[in-house]
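# A structural walkthrough
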Amino acid sequence: MVMFRANTMCQLQPRAGFDEYGDPLFGQSKRVKCSVVRLARSSAPSSVRADSSGTRGKADQLESDAVILMPPTSEPPMGAKVTILGITLEIVGMHPRLNIMGRLDHYEVSLNAWPSASRG
């Protein structure tokens, strides 16, 4: 008995290591079926401590609260990059979910906004 039915596609890129700057490198991208449970993004002011900046500067940072479901064949690894509906996210949590017979039915995957650090 299958309880999970995927309704959309996403791109999954597992982390393959790090470059000389400590930025992650990624392996081959693959299309994976998934289902969106929650996909919320917002821009919020970052917290700035009084002793961290003489100008008391502020910046907005992108926040995300996302949960998707993925089939057991995808085996989503921690730190992987997921792109869904044009939004790039990072896997920060993964929980296997079982069906009523006790077999692996799908993974519940928690995601955060992809860190937007660029060099150059």
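Another aspect to go through is the packing of aromatic side chains. Summed over the entire model, instances satisfying the criterion amount to one aromatic pair. Geometry around Trp114 places Lys81 over its ring, the cationic atom sitting 5.0 Å from the centre.

One can find Pro71 in the loop between strand E5 (60-70) and strand E6 (81-84). The buried category is assigned to Pro71, whose relative accessible area is 15%. Each C-alpha atom, one on Pro71 and one on Arg5, is 8.6 Å from the other, the two residues being 66 residues apart in sequence. With residues up to four places along the chain from it excluded, the contact list for Pro71 reads Phe4, Val32, Lys33 and Tyr107.

A few words now on the side chain of Ser74. With respect to the helices and strands, the residue Ser74 is situated in the loop between E5 and E6. A polar atom in the side chain of Ser74 sits 2.7 Å from the backbone oxygen of Pro71. Other than its neighbours up to four places away in sequence, Ser74 contacts Leu12, Lys30, Val32 and Tyr107.

With that out of the way, let us pick up the nonpolar core. In this structure, Ile68, Met70 and Leu111 are the most contacted members of the largest nonpolar core, which totals 16 residues. Of all the secondary-structure elements, those providing two or more residues to this core are strand E1 (8-13), strand E4 (30-45), E5, E6, strand E7 (87-98) and strand E8 (104-113). In this view, Met70 contacts Phe4, Cys10, Leu12, Val32, Lys33, Cys34, Pro76, His106, Tyr107 and Val109; residues no more than four positions away in its chain are not counted.

Right, let's get into the pairing of strand E2 (residues 15-18). Pairing of E2 with strand E3 (residues 24-26) involves three bridges; the strand directions are antiparallel. Bridging from a neighbouring strand, Arg15 pairs with Phe26 of E3. Following E2, the chain reverses through five residues before pairing antiparallel with E3; Gly22 in that reversal takes a positive phi of roughly 90 degrees.

This paragraph deals with the pairing of E7. For a regular strand, side chains alternate in direction, first toward one face of the sheet and then toward the other. The pairing of E6 with E7 spans four bridges and is classified as antiparallel. Residue pairing in the sheet places Val82 in a bridge with Leu89 of E7. Between E6 and the antiparallel strand that follows it, E7, lie two residues; Leu85 among them carries a positive phi value of about 55 degrees. Counting the residues that bridge the hairpin from E7 to E8 gives five residues, and of these Gly102 lies at a positive phi of roughly 90 degrees.

Okay, the pattern of salt bridges next. Evaluation of the coordinates by the stated rule reveals two salt bridges. The shortest N-O distance in the salt bridge between Glu108 and Arg97 comes to 2.9 Å. Of the two residues, Glu108 sits in strand E8 while Arg97 sits in strand E7, which places them 11 residues apart along the sequence. With relative accessibility at 23%, the residue Glu108 sits in the partly exposed group. Exposure remark for Arg97: the relative accessible area of 35% places this residue in the partly exposed category.

What counts, and where the lines are drawn
- Residues numbered from 1 in each chain as written.
- Predicted model: local features only at pLDDT ≥ 70, side-chain atom pairs only at ≥ 80, totals over all residues.
- Heavy atoms only, no water.
- Phe/Tyr/Trp six-rings, centres within 6.5 Å; stacked < 30°, edge-to-face > 60°.
- Lys NZ or Arg CZ within 6 Å of the ring centre and 35° of its normal.
- Helix = DSSP H or I, 4+ residues; strand = E, 2+ residues; numbered from the N terminus.
- Buried < 20%, exposed > 50% of the residue type's maximum accessible area, 1.4 Å probe, protein only.
- Contact = heavy atoms within 4.5 Å.
- Polar contact = N/O pair within 3.5 Å; in protein donor to acceptor, adjacent residues only side chain to side chain.
- Core = buried A, V, L, I, M, F, W, Y, C linked by side-chain atoms within 4.5 Å.
- Pairing = 2+ DSSP bridges.
- Salt bridge = Lys/Arg side-chain N within 4 Å of Asp/Glu carboxyl O.

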